Amino acid sequence: MKGSIEQFWYRPSVMRWLFLPLHLLLYLLVVTRRSLYSLGFKKVRKPNAKVIVVGNITVGGTGKTPFIVWLSEYLLSKDKSIAIISRGYGGTSPSYPLEVTASIPVQQAGDEPKLLSERLNVPIIVDPDRVRAAFYAEQKYQPDYIISDDGLQHYALGRDFEICIIDGLRKLGNEFLMPVGPLREPKSRLTSCNLILQNGGDEWLENRFEVQPLFWVNLQDGEKIDLRTAKLPFDRCNAICGIGNPEKFSRTLQQQNLRFDLTVYPDHHKFNESDFESFSDSPLIMTEKDAIKCRAFAKSNWWYLTIGIEPNSSAITAIDDFIESK
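The structure presented is a predicted model; accordingly, all values stated were derived computationally and were not measured.

Caption draft 1: Structural detail: helix α6 (residues 130-141). End to end, α6 covers 16 Å across 12 residues, agreeing with the expected 16 Å (1.5 Å per residue, within 8%). If you check which residues of α6 are buried, you get Arg-130, Val-131, Ala-133, Ala-134, Ala-137 and Glu-138. The arc that holds every buried residue of α6, seen down its axis, measures 165 degrees, which confines them to one face. Elements in contact with the buried residues of α6: β2 (82-86), β4 (124-126) and β5 (145-149). Put simply, Asp-129 is the residue that caps the front of α6, since its side-chain oxygen is 3.1 Å from the backbone nitrogen of Val-131.

Here it is in structure tokens:
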């Protein structure tokens, strides 16, 4: 069912025009909601710290998490202090705000905040109420910058800089709003974003970044294999993927010259041991986000891929201009 919907979203079809009235109704609702905030009918609150929102206007994975890792490390290299806030999709905590530490299980934090916590030595605050999370982060840590993981449509939180990431392969699909298309907001929303970044694909936008595979990491013992100097001790394996855009992962594996059988799960799938009962004893590879949820029952021949990103010079210049202007 999901595959059929995505084919409709991302492949040319004259059938989409049958849904134009629904798209226009959704457009009116989305624009009205945003206007209520911009005109002051609904309250917008912002802490004193500079707020950077990293999000997208499409559903599915666009590369937000690796970009946030890069952006955080970049700001830290400029001697800026940061905190990250997230809704914590897929996690359930008995109370909020929740600070993500080593002792907080992924079931409470959500997979993306847990991944960020393991990759970065900065405060990670999870709360479905991003405004509350932002003020908590400011009160406790007084950061120079608060990065909101997603939240482009969370207008109750004021922001100083909006970064919208677009997948360079899928782009904006049929440019219709959900559920007729993949858009959370109309294409015109991009004109109000401070920086629009293209993730991979053919050159389309001025500002872009490329995903760079870095390491294979063993889930059991943490052994690292640097892709620049070595490769996995096998070339045939099983693979799993529970992310928003599994095609990206599949392409990356193909570029590594691996022969693999890929099993795709829904984004943020809550893996458990029974998911793997039908798998053979062959080596198993997965994304880092999936590995966060599989460590407790991982076998010795399970590996995950750590990735980084490389922005182009114009994207870095745009971020530098923002930092220096504030």
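Caption draft 2: Representation of the packing of helix α3 (residues 64-77) against helix α5 (residues 111-119) in the model. At a closest axis distance of 11 Å, the pairing of α3 and α5 adopts a crossing angle of 30 degrees. Judged by the inter-axis angle, α3 sits roughly parallel to α5. Viewed along their axes, α3 and α5 form a crossing whose handedness is right-handed. Residues Lys-64, Thr-65, Ile-68, Val-69 and Glu-73 of α3 form the contact with α5, whose participating residues are Glu-112, Leu-115, Leu-116 and Arg-119. Residues belonging to the contact of α3 with α5 are distributed by class as follows: 4 nonpolar, 1 polar and 4 charged.

Caption draft 3: Structural detail: the nonpolar core. Core analysis: the biggest nonpolar cluster contains 33 residues, and Ile-52, Val-54, Phe-67, Leu-71 and Ile-163 have the highest contact counts within it. Those elements giving two or more residues to this core turn out to be β1 (50-55), α3, β2, β4, β5, β6 (161-167), β7 (195-199) and α9 (313-325). Looking at this core, the element that brings in the most residues is α3, giving 7 residues. Sequence-distant contacts of Val-54, that is, excluding residues within four places in its chain, are made with Lys-64, Phe-67, Ile-68, Leu-71, Ile-147, Ser-148, Asp-149, Asp-150, Ile-163 and Ile-165.

Caption draft 4: Focus on the pairing of β1. Counting buried residues in β1 gives 5 out of 6 residues, a clear majority hidden from the surface. When β1 meets β5, the two strands line up parallel, connected through 5 bridges. Bridge pairing in β5 places Ile-52 opposite Ile-147. Pairing of β1 with β6 involves 4 bridges; the strand directions are parallel. Within β6, the position partnered with Gly-55 by the bridge is Cys-164.

Caption draft 5: Representation of the packing of aromatic side chains in the model. All chains considered together, the criterion is met by 15 aromatic pairs. Aromatic side chains Trp-17 and Phe-176 sit 5.7 Å apart centroid to centroid with 80 degrees between the ring planes, which places their arrangement in the edge-to-face category. Taken together, the positions of Trp-17 in the loop between α1 (2-10) and α2 (20-38) and Phe-176 in the loop between β6 and β7 put the pair 159 residues apart, joining distant regions of the chain. We classify Trp-17 as partly exposed; its relative accessible area is 47%. Seen from their ring centres, Phe-276 and Phe-279 are 5.6 Å apart, and the 55 degrees between their planes marks the pair as tilted. By the burial criterion, Phe-276 is buried, and Phe-279 matches it. Three or more aromatic residues joined by ring pairs make a cluster, and in this case those are Tyr-265, Phe-271, Phe-276, Phe-279, Phe-297 and Trp-302. One residue, Arg-45, lies across the ring of Phe-135, its end atom 4.4 Å from the ring centre. Sitting above the plane of the Trp-204 ring, Lys-171 keeps its charged end 5.4 Å from the centroid.

What counts and what doesn't
Residues numbered from 1 in each chain as written. Predicted model: local features only at pLDDT ≥ 70, side-chain atom pairs only at ≥ 80, totals over all residues. Heavy atoms only, no water. Helix = DSSP H or I, 4+ residues; strand = E, 2+ residues; numbered from the N terminus. Expected span 1.5 Å × (residues − 1). Buried < 20%, exposed > 50% of the residue type's maximum accessible area, 1.4 Å probe, protein only. Arc of directions from axis to C-beta. Contact = heavy atoms within 4.5 Å. Polar contact = N/O pair within 3.5 Å; in protein donor to acceptor, adjacent residues only side chain to side chain. Axes fitted to C-alpha atoms, helices over the stretch in contact; angles between N-to-C directions. Parallel < 35°, antiparallel > 145°, perpendicular 65-115°, else oblique. Left-handed = near helix turned anticlockwise from the far one by under 90°. Nonpolar A, V, L, I, M, F, W, Y, C, P; charged D, E, K, R; others polar. Core = buried A, V, L, I, M, F, W, Y, C linked by side-chain atoms within 4.5 Å. Pairing = 2+ DSSP bridges. Phe/Tyr/Trp six-rings, centres within 6.5 Å; stacked < 30°, edge-to-face > 60°. Lys NZ or Arg CZ within 6 Å of the ring centre and 35° of its normal.

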